[in-house]
Amino acid sequence: MIEALGYGFFQTALISGLLASVVCGIIGSYIVVKHMISVSGGISHAAFGGIGLGYLLGIDPLTSAFFFTLAVAGVIWALMERAKQHIDTLIGAFWAGGMAFGILCISLTSGYTPDLFSYLFGNILLVPPNHLILIAFLAVIIIILVSLLYPALQAVAFDQEYATISGLPTRGINLVILLLVASSVVVLIQVVGIILVIALLTLPAAISRPFSTSLSGLMITSTIVGMFLTTIGIFISWIFDIPSGSSIILLGVAIYLIVTAGLQVAGRRARS
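Residues numbered from 1 in each chain as written. Predicted model: local features only at pLDDT ≥ 70, side-chain atom pairs only at ≥ 80, totals over all residues. Heavy atoms only, no water.

Draft legend 1. Highlighting the overall build of the protein. For the protein, the count of helices and strands is 10 helices and 0 strands. When its helices and strands are written in sequence order, the protein yields α-α-α-α-α-α-α-α-α-α. For 272 residues, the compact-globule estimate of 2.2 N^0.38 gives 19 Å, and the C-alpha radius of gyration of the protein, at 19 Å, lies within 12% of that figure. Projecting the C-alpha coordinates of the protein onto the three principal axes gives extents of approximately 55 × 50 × 35 Å. The buried share of the protein, taken over its 272 residues, is 48%. At a minimum sequence separation of 6, the contacts of the protein that also span at least 24 residues come to 76%. Just so you have it, the protein exposes about 13,000 Å², and 71% of that area is on carbon and sulfur atoms. For the protein, the distance from the average position of its 8 positive side-chain charges to the average position of its 8 negative side-chain charges is 17 Å. (Helix = DSSP H or I, 4+ residues; strand = E, 2+ residues; numbered from the N terminus. Rg over C-alpha atoms; globule rule 2.2 N^0.38 Å. Buried < 20%, exposed > 50% of the residue type's maximum accessible area, 1.4 Å probe, protein only. Contact = heavy atoms within 4.5 Å. Areas by Shrake-Rupley, 256 points an atom, 1.4 Å probe, with all protein chains shown as cover. Lys, Arg positive; Asp, Glu negative; His and termini not counted. Charge placed at Lys NZ, Arg CZ, Asp CG, Glu CD.)

Given below as structure tokens:
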């Protein structure tokens, strides 16, 4: 296992996992607290439409997915402000529509699409070194924006109606978050893929939430948990020769179930 650290691609995978954990820890915490998991799932699956469009137009699929996903996030934001009573239906439409559009574009593309499986399920062991720059850049942007907007983000996350009455630009803040979610999804596609990216965004925050008393504390704890999941998941993937994305997510699910069960047992003992 130690010899794996001598390989350049393995080192790149570990670094990308650590950087991705920063993105997931911060954005994922807000998603969990704000109950935006379904919205984020709709955006992440809609990204497949951008992948398919890239293949059809003959351009880089990730570049196409980036702009396509930003556009989808903008449309979702605009419709959310006007269709509050039908948000689940709205998200479901984008969730299925994005996937269907991607499949249609790929079916119209001539030739073979060899990287399609990696976009769906990812492979952190195959992340190119130049992709680290994108993840690091996004992480820095997120840290700066969250630091500047933290009071407003915290107010909107826990009580949006009160934040609106207080004069905070809640609509603008929601748009910024959706655009950051969209950017995070595209950057994380090569790490765990479109299918699993929403799990990587939310599992660290879900595991950390019972142990955090503030949004900032949750973001820090989630980042640490994410680093643990990605690092151990990568080593598990290497040892047992299994898909890295699956090992990371299944490890997260196992820890989440253990934490949930432990809290329930502790709660019953406290009541008794």
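Following the structure, the description resumes.
Draft legend 2. Quick peek at the environment of I234. As for its placement among the helices and strands, I234 is situated in helix 9 (residues 215-240). Those residues in contact with I234 that lie beyond four places of it in its chain are F10, A13, L14, I124, L125 and I248.

Draft legend 3. Broad picture of the side chain of S244. With respect to the helices and strands, the residue S244 is situated in helix 10 (residues 244-271). Classification of S244 by relative accessible area gives buried; the value is 2%. Here I124 takes part through its backbone nitrogen, which lies 3.1 Å from a polar atom of the side chain of S244. (Polar contact = N/O pair within 3.5 Å; in protein donor to acceptor, adjacent residues only side chain to side chain.)

Draft legend 4. Molecular detail of the nonpolar core. In this structure, Y30, I43, F48, I51, I124, I142 and I234 are the most contacted members of the largest nonpolar core, which totals 81 residues. Per element, the largest residue contribution to this core is 21 residues, and it comes from helix 8 (residues 170-208). When sequence neighbours within four positions are dropped, the list of residues in contact with I142 reads V23, I26, I27, L180 and S184. (Core = buried A, V, L, I, M, F, W, Y, C linked by side-chain atoms within 4.5 Å.)

Draft legend 5. Geometry of the packing of aromatic side chains. The tally for this structure, following the rule as stated, stands at 8 aromatic pairs. When the centroid spacing of 6.0 Å and the interplanar angle of 40 degrees are considered together, the rings of F9 and W238 count as tilted. Placement of F9 in helix 1 (residues 8-33) and of W238 in helix 9 is noted, with a sequence separation of 229 residues between them. W238 gets classed as partly exposed once you look at its relative accessible area, which sits at 28%. (Phe/Tyr/Trp six-rings, centres within 6.5 Å; stacked < 30°, edge-to-face > 60°.)

Draft legend 6. How the structure looks around the side chain of T12. Secondary-structure assignment places T12 in helix 1. Once you skip the residues sitting within four places of it in the chain, T12 turns out to touch V127, P128, P129 and L132.

Draft legend 7. Seen up close, the packing of helix 1 against helix 9. Two elements in contact, helix 1 and helix 9, have axes separated by 7 Å at closest approach and are oriented at 145 degrees. As helix 1 packs across helix 9, the resulting crossing turns out to be right-handed. Classifying every residue of the contact of helix 1 with helix 9 by side-chain character gives 16 nonpolar, 9 polar and no charged. (Axes fitted to C-alpha atoms, helices over the stretch in contact; angles between N-to-C directions. Left-handed = near helix turned anticlockwise from the far one by under 90°. Nonpolar A, V, L, I, M, F, W, Y, C, P; charged D, E, K, R; others polar.)

Draft legend 8. Structural detail: unusual backbone geometry. Notably, H35 is not glycine yet its phi reads approximately 55 degrees, a positive angle. Summarising the element assignment, H35 is placed in the loop between helix 1 and helix 2 (37-57). Taking relative accessible area as the criterion, H35 reaches 64% and is therefore assigned exposed. Of note in the backbone geometry, D241 takes a positive phi value of approximately 55 degrees without being a glycine. Position of D241 among the secondary structure elements: in the loop between helix 9 and helix 10.

Draft legend 9. Quick look at the confidence of the model for the protein. Averaged over all residues, the pLDDT of the protein equals 89, while 97% of them reach at least 70. For the protein, per-element mean pLDDT is lowest for helix 5 (residues 116-121), which scores 80, and highest for helix 9, which scores 94. (pLDDT = per-residue confidence, 0-100.)

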